[in-house]
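What follows is each chain in one-letter form.
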Amino acid sequence: MIVVLDEHDSPFHLPLVDFHTHIGRVKIETTKGASQRVNRPQDIINLYEKLQYEIHRRITQNQDAYYVTLLEAEKISQPLLPAVQMLLELNSNKSRGWIVDHIVCFPFNDIFHKKTSPKFVKSNQYVRHQTQSFDFTFRFIPFSRVDATDEGAIEEVKASVALGMRGLKLHTMSQGWIESIVSTSCKEVLQTAGELSIPIIFDVPNKGVAVDITTIAEEARQEVNYPINVILGHSAFDYNSEEIFNCLNKDQMFAETSGMRGKDVEIYFNNVVKVNRWEEKILFGTDSNYFGVLQAADFITFLLSHKFKELVESNSSDIKPLTAAAKILGGNALRIIRPSWFKNPQETLKEHRSSSKGYSTNLQILQTNLKQILTKENITGTIDLAKPETKEHAVQVLSIEHLGRKISFILETKDNYQNIILSPISNLERIDSIPIESIAPREVVSKSRRRKPRLKEQTFLKLLNGGIT
Ligand SMILES: [Zn+2]
């Protein structure tokens with residue numbers, strides 16, 4: 001997270017999620033000969049270690065241009081999960097780049113991708129092995145990559161998601177189907193991803209491709225009853241054409257920002273603020289290691305500048321500049337990358353039934369209850385209740401994204417989990433955990449005859465909606 005001080009000098013935490021990075025090796029052939037581009041998880045972490053100082057340097061050296069101030073450089077980055085920092089730093093003092101919370105990564109058009117049929121099976125495996133290690137698993141979010149025109153592409157998407165990948169990357173130009181985006185094969189891959197609740201990011205080189213992707217995504221959505229979240233990578237490298245913003249105006253369409261630099265950023269925001277709910281549709285990305293520290297710093301510091309603040313405030317509105325920045329830099333990504341239990345509702349219910357006999361604690365039952373209700377209501381979020389041995393009266397935090405907004409609950413357990421009290425913290429203005437207003441806590445558990453607690457669904461949903469007014 002990036003910690004900034006707002007106009008009242010109170011700390012505001014901006015989550016940071018990079019929605020576009022590559023891991024692996026790719027062959028580069030030029031007139032001067034062949035070489036390899038390599039990117040490893042630690043290389044990306046190192047980028048963020050530098051970025052922290054670059055952001056600090058730019059803002060402190062030109063303070064008049066910014067509506068936030070900063071503490072010393074070492075203090076502007078903070079881990080989202082302090083326990084992870086403790087755990088990792090016990091063993092080594094490697095640089096950790098705590099300014100970034102999560103990093104989405106997927107294969108390059110790499111040296112392995114043609115070694116299997118369908119393509120990318122080995123590349124996907126490589127990305128998993130690199131990121132699902134003790135050092136990186138807490139922060140890297142691996143996405144799978146396929147060639148949508150391959151026979152077996154759908155099976156590879158399903159298999160890689162079953163192995164822990166949480167999104168899909170498609171590159172129509174590198175895989176040679178840029179002329180046939182509007183096709184049955186592409187539509188079916190999109191529907192598969194939607195069914196698995198994973199987002200799809202496309203490489204988008206220009207506005208024509210953006211229009212084709214939007215067309216096929218709309219077709220795919222018409223035939224199914226679940227969302228298909230599609231991200232236009234690089235925002236099509238086009239910051240000024242109406243077509244791009246028309247695409248973004250459709251539901252379940254998003255834009256990722258890698259490649260934008262300097263003046264581009266200002267031009268882009270001058271246009272994108274006309275899109276309905278624009279602040280919920282933009283996802284920060286770097287495309288590391290094609291782009292690096294300078295582009296990322298251009299983008300992030302713009303969101304903290306007076307130019308951005310004035311633009312947001314003149315455009316309407318009830319949107320607060322820092323809240324918009326927090327969504328763009330991380331909140332939106334966390335909303336559309338769903339937790340792994342968020343599959344289709346039937347599957348979650350089935351899992352619940354088949355495993356409910358072996359429960360050891362009531363808190364676990366509560367957790368399953370919660371997942372069931374949230375899945376049924378199509379609400380995503382993180383449930384931080386994974387420690388069933390937690391002591392009595394321990395206070396935990398449950399946070400949920402609902403209707404594009406974040407709400408957190410303080411959760412207190414009593415009487416061996418027979419009583420659970422949820423107190424919503426309305427958290428609209430801040431993505432961090434500072435309570436703005438609280439509403440009355442309520443007991444949300446009813447005891448059944450067998451003395452197993454059960455979450456009162458209606459009470460819980462009322463709390464959820466009441467907290468978001
Ligand atoms: Zn890329």
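Below or above, wherever it landed, is the structure these notes cover. All of these numbers come straight from a predicted model, not from anything done at the bench. (Residues numbered from 1 in each chain as written. Predicted model: local features only at pLDDT ≥ 70, side-chain atom pairs only at ≥ 80, totals over all residues. Heavy atoms only, no water.)

### Some thoughts on the overall build of the protein chain
This is how it is decided: A run of H or I in DSSP counts as a helix once it spans at least four residues, and a run of E counts as a strand once it spans at least two, with each numbered from the N terminus. With a 1.4 Å probe rolled over the protein chains alone, any residue whose accessible area is under 20% of its type maximum counts as buried; one over 50% counts as exposed, and the rest are partly exposed. The contact criterion used is simple: two residues touch if any of their non-hydrogen atoms lie within 4.5 Å.
Regarding its fold elements, the protein chain presents 14 helices and 20 strands. Here the protein chain holds 469 residues, and the buried ones make up 56% of them. For the protein chain, the proportion of contacts with a sequence separation of at least 24, taken over those separated by at least 6, is 67%.

### Some details on the side chain of Ser305
Tracing the backbone shows Ser305 in the loop between helix H9 (293–303) and helix H10 (306–315). The exposure class of Ser305 is buried, given its relative accessible area of 7%. When residues no more than four places from it in sequence are discounted, the contact partners of Ser305 are Ala65, Tyr66 and Tyr67.

### Here we look at the coordination of the zinc ion
Going by this rule: For Na, K and Ca the donor cutoff is 3.2 Å, while for all other metals N, O and S atoms count as donors only within 2.8 Å; water does not appear among the atoms, so some sites may look incomplete.
The zinc ion binds to the protein through His20 (NE2), His22 (NE2) and Asp287 (OD); the donor distances cover 2.1 to 2.3 Å. Counting residues between consecutive donors of the zinc ion along the chain gives the motif H-x1-H-x264-D. Like His22, His20 is buried.

### With respect to the sheet that holds strand E11 (residues 253–256)
Which entries qualify depends on this criterion: A pair of strands is considered paired only if DSSP assigns at least 2 bridges between the two.
One open sheet holds the six strands; their spatial order is E7-E8-E9-E10-E11-E12, and the pairing between them is parallel. Strand pairing shows two members of the sheet lacking a second neighbour, strand E7 (144–145) and strand E12 (282–283), which therefore form its edges.

### Notes on unusual backbone geometry
In the segment running from Ser117 into Pro118, the intervening peptide bond is cis, with an omega of 0 degrees. Looking at where Pro118 falls in the secondary structure, it is placed in the loop between strand E5 (102–107) and helix H3 (121–131). Residue Asn289 is bonded to the preceding Ser288 through a cis peptide linkage, with omega at 5 degrees. Here Asn289 is to be found in the loop between E12 and H9. The residue Ser235 is not glycine, and still its phi comes out positive at about 50 degrees. Positioned with a positive phi, Arg277 is a non-glycine residue whose angle comes to about 50 degrees. When you line up the elements, Arg277 lands in the loop between helix H8 (263–272) and E12.

### Things to note about the packing of aromatic side chains
Where two aromatic rings form a pair, the distance of their centres and the angle of their planes describe that pair. Under the convention used in this document: In summary, the pairing rule links any two rings of Phe, Tyr or Trp, Trp by its six-membered ring, whose centres are within 6.5 Å, and it sorts them by plane angle into stacked for under 30 degrees, edge-to-face for over 60 and tilted for everything else. Criterion for a charge above a ring: Arg CZ or Lys NZ at most 6 Å from the ring centre, at most 35 degrees from the ring normal.
Counted by the stated rule, this structure contains 15 aromatic pairs. On the numbers, 5.7 Å between centres and 80 degrees between planes, the contact of Phe108 with Tyr290 is edge-to-face. Of this pair, Phe108 sits in the loop between E5 and H3 while Tyr290 is found in the loop between E12 and H9, placing the two residues 182 residues apart along the sequence. With relative accessibility at 0%, the residue Phe108 sits in the buried group. Judged by relative accessible area, which is 39%, Tyr290 ranks as partly exposed. Ring pairing ties together the aromatic residues Tyr239, Phe245, Tyr268, Phe269, Trp278, Phe284, Phe299, Phe302 and Phe308, which thus form one cluster. Directly above the aromatic system of Phe254 lies the positively charged group of Lys281, at a separation of 5.9 Å from the ring centroid.

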